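# Coordinates in review
Below, each chain spelled out in residue letters.
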Amino acid sequence: LMNDSEVTPFSVPGYACQRRCTLENHNAVLTDALSLLAENAELSDEDGRGVAFRRAAAVLKALPSAVTNMSQLTGLPCLGGHSLRVIKDILENGTSSEVESTKESERFKALKVLTGIFGVGSKTADRWIREGIHNLQQLRDSGQTLNRAQQAGLEHYDDIKQPVSLAEAEAIRGIVGRAVASVSPEAQIVLTGGFRRGKLTGHDVDFLITHPEEGSEVGLMPKLVSWLESRVSCHLQNVLLICDVIFLLMFALFCRFSLCCFIDKQTRRWRAVRVDLVVSPISQFAFALLGWTGSKLFERELRRWAGHEKGMSLSSHALYDNKQGRYIRASSEEEIFAHLGLEFIPPNERNA
Ligand code: DCP
Ligand code: MG
C-alpha cells in the first residue's frame, strides 16, 4: 500500500496542442465519463461547461498510465472542481452517480436520438422535446416539417449511426479520387479527420481537395458533385462494373460540403455514409489540412494557444499576426507549428 507522500504526481503542459496524445488511452473509464458530461453540456447549449469537461478528459488521455489515486492529479492543468469530483467518485465507487443519472435521463436520451439525425442540431432537438417528441417514431408521427437533410437523416438513421470502417473510408477515397481526377486531372485529394489521426472507425469520412495551381480549384466542388451524381443516377450498371466491390452514390448536397452517400458492400446492400468534402486553394492548403485533421479539441486548443500566447489568429484558412497586422504564409503543417512556437505534433498524436 502506498501512502500519498509516495505517489508521484503526473505532469503535463497546459494546452492540448503542446501534448502528444495517441489513441492509446490508459484512463478510458474516466475520460468516457467526462466526455459524456461534455456531450450533455453541449447538447444543452452550455458550451463553456462542455469545453471544461473536454479539456479535463484530454489531460487524462495524455497521461502515461492509469490514475489510481487522486493525489497523482495534484498540479495537473484543466481539472476543475466538478471534473475532480467525478474522477474521485469513479476511483472510490467505480461509477459516478452524476454520469449514471445523466445517461439514464429522458432528456439526454431524447437529445442523443434526435441530434443523431443528420441535419438536426441541439436547438431543433430541444424545441421538439418541448413539444413532446422524444424518439424517431414520435417525430415521424408528429407531422413536423423536415428539411431535405433532415428527411434523409431520418430515412438513413441506422446507417448513419453505424461507424464507418477504415476499409469503407479507403474505398470511398478511391471513388472520390477517380471523380476528382476526371473533373480536374491534377487536383489532389487527402483523407483528413479521424482517419488521418489513425482511427480505425469514424462517424464520417473527411476529404480535403486542392489543385497545385492557385485558382484552378475554383468551381471544382460543383463539378465533382455533378460528376458523381450523374454517374450514379444515369449509369448505375456502369458504376457497379467500374467499382466492382464497393461503389458510392452522392445522393444530395446538403450544405457547403456535407454529402451523404451510399456504398455497396459485397452484399450489394446499399448503405448511407456521411462524407465531408472541403476544397482549398493551394495557398491555404496547409492551414486547411491542419484545421480538418482534428481532433476538435486539438484544433480549439491550437486556436486558443495562437490567440492567448502568440497574439495570432489561426483558422483553417490562414494565420494572422495581430501585432504585426499581417498574414503569415505556410506551405506545410510543420511550418505552421514553427510559426506558433510549438513542437510539431504528427497527426496520430493529435488525438486529444
Ligand atoms: N472540425 C473542427 N471543428 C468543428 C468541426 C470540425 O475543428 N466544429 C475539424 C476537426 C475535426 C475535423 O474537422 O477533427 C473533422 O470533423 P469530424 O466531426 O468528422 O471529426 P473527426 O473526423 O475527428 O471524428 P470522426 O472520426 O467521428 O469522424
Ligand atoms: Mg470525421
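Residues numbered from 1 in each chain as written. Chains lettered and ligands numbered in written order. Predicted model: local features only at pLDDT ≥ 70, side-chain atom pairs only at ≥ 80, totals over all residues. Heavy atoms only, no water.

### Concerning the packing of helix H5 (residues 106-115) against helix H6 (residues 122-130)
The contact between H5 and H6 brings their axes to 9 Å, and the two run at 125 degrees. The angle between H5 and H6 places the two elements in the oblique class. For the element pair H5 and H6, the recorded crossing hand is right-handed. Here Arg107, Ala110, Leu111, Leu114 and Thr115 of H5 lie close against H6, whose contacting residues are Ser122, Ala125, Asp126, Trp128 and Ile129. Taken together, the residues that form the contact of H5 with H6 break down as six nonpolar, two polar and two charged. (Axes fitted to C-alpha atoms, helices over the stretch in contact; angles between N-to-C directions. Helix = DSSP H or I, 4+ residues; strand = E, 2+ residues; numbered from the N terminus. Parallel < 35°, antiparallel > 145°, perpendicular 65-115°, else oblique. Left-handed = near helix turned anticlockwise from the far one by under 90°. Contact = heavy atoms within 4.5 Å. Nonpolar A, V, L, I, M, F, W, Y, C, P; charged D, E, K, R; others polar.)

### So, the site of ligand 1
Close to ligand 1 lie 15 residues; Gly194, Arg197, Lys199, His203 and Asp204 are nearest. Residue Lys296 places a side-chain N or O atom 2.9 Å away from an oxygen atom belonging to ligand 1. Here ligand 1 has 550 Å² of accessible area as a free molecule, and 75% of this is covered by the chains. Elements that contribute at least two residues to the shell around ligand 1 include exactly helix H11 (193-196), helix H14 (285-293) and helix H15 (296-310). Among the elements that line the shell around ligand 1, the one with the most residues is H14, at three residues. Split into classes, the residues belonging to the shell around ligand 1 amount to one nonpolar, eight polar and six charged. (Near = heavy atom within 4 Å. Polar contact = N/O pair within 3.5 Å; in protein donor to acceptor, adjacent residues only side chain to side chain. Areas by Shrake-Rupley, 256 points an atom, 1.4 Å probe, with all protein chains shown as cover.)

### Topic: the side chain of Thr210
Mapping Thr210 onto the fold places it in strand S4 (residues 205-210). Residue Thr210 is classed as buried on the basis of its relative accessible area of 2%. At 3.3 Å, the side chain of Thr210 forms a polar contact with the backbone nitrogen of Ile282. Sequence-distant contacts of Thr210, that is, excluding residues within four places in its chain, are made with Ala187, Gln188, Ser280, Pro281, Ile282 and Phe285. (Buried < 20%, exposed > 50% of the residue type's maximum accessible area, 1.4 Å probe, protein only.)

### Comments concerning the coordination of the magnesium ion (ligand 2)
Within the first shell, the magnesium ion (ligand 2) binds the protein through Asp204 (OD) and Asp206 (OD), at distances of 2.0 to 2.1 Å. Look at Asp204 and you get buried, because its relative accessible area is 6%. Overall, Asp206 belongs to the buried group, its relative accessible area being 12%. (Donors = N, O, S within 2.8 Å, 3.2 Å for Na, K, Ca; no water.)

### What to know about the environment of Gly202
With respect to the element layout, Gly202 can be found in strand S3 (residues 201-202). It is 8.7 Å that separates the C-alpha atoms of Gly202 and Ala169, two residues lying 33 residues apart in sequence.

### Quick notes on the pattern of salt bridges
With the rule as written, the count across this model stands at 16 salt bridges. Put simply, Arg20 and Glu349 hold a salt bridge, and the shortest N to O gap is 2.4 Å. Taken together, the residues span a long stretch of sequence, with Arg20 in the segment before helix H1 (28-43) and Glu349 in the segment after helix H16 (333-339) at a distance of 329 residues. Of the residues examined, Glu349 reaches a relative accessible area of 17% and is grouped as buried. Salt-bridge contacts for Lys109 lead to Glu104; the nearest nitrogen and oxygen are separated by 4.0 Å. (Salt bridge = Lys/Arg side-chain N within 4 Å of Asp/Glu carboxyl O.)

### What about the confidence of the model for the chain?
Looking at the chain, the pLDDT average stands at 88 and 86% of residues meet or exceed 70. Taking the mean pLDDT of every element in the chain, the minimum, 37, falls on helix H13 (residues 236-242) and the maximum, 99, on H16. Contacts for the low-pLDDT stretch residues 233-257, under 50 throughout, to residues beyond four places or in other chains number 72 contacts. Here the predicted complex carries an ipTM of 0.97, next to a pTM of 0.92. (pLDDT = per-residue confidence, 0-100.)

### Re the sheet that holds strand S10 (residues 326-328)
Strand order in the open sheet made by the three strands is S8-S9-S10, with antiparallel pairing throughout. Looking along the sheet, the strands with just one partner apiece sit at the ends: strand S8 (312-314) and S10. For this sheet, the mean angle separating the axes of adjacent strands, direction not counted, is 25 degrees. Taken together, the three bridges between strand S9 (residues 319-321) and S10 define a ladder with antiparallel strand orientation. (Pairing = 2+ DSSP bridges.)

### Considering the nonpolar core
Counting residues in hydrophobic clusters, the biggest one holds 38 residues, and the most contacted among them are Leu34, Leu60, Leu63, Leu73, Leu76, Ile117 and Trp128. Apart from residues lying up to four places away in sequence, Leu60 is in contact with Asn25, Asn27, Leu30, Thr31, Leu34, Val67, Leu73 and Ile87. (Core = buried A, V, L, I, M, F, W, Y, C linked by side-chain atoms within 4.5 Å.)

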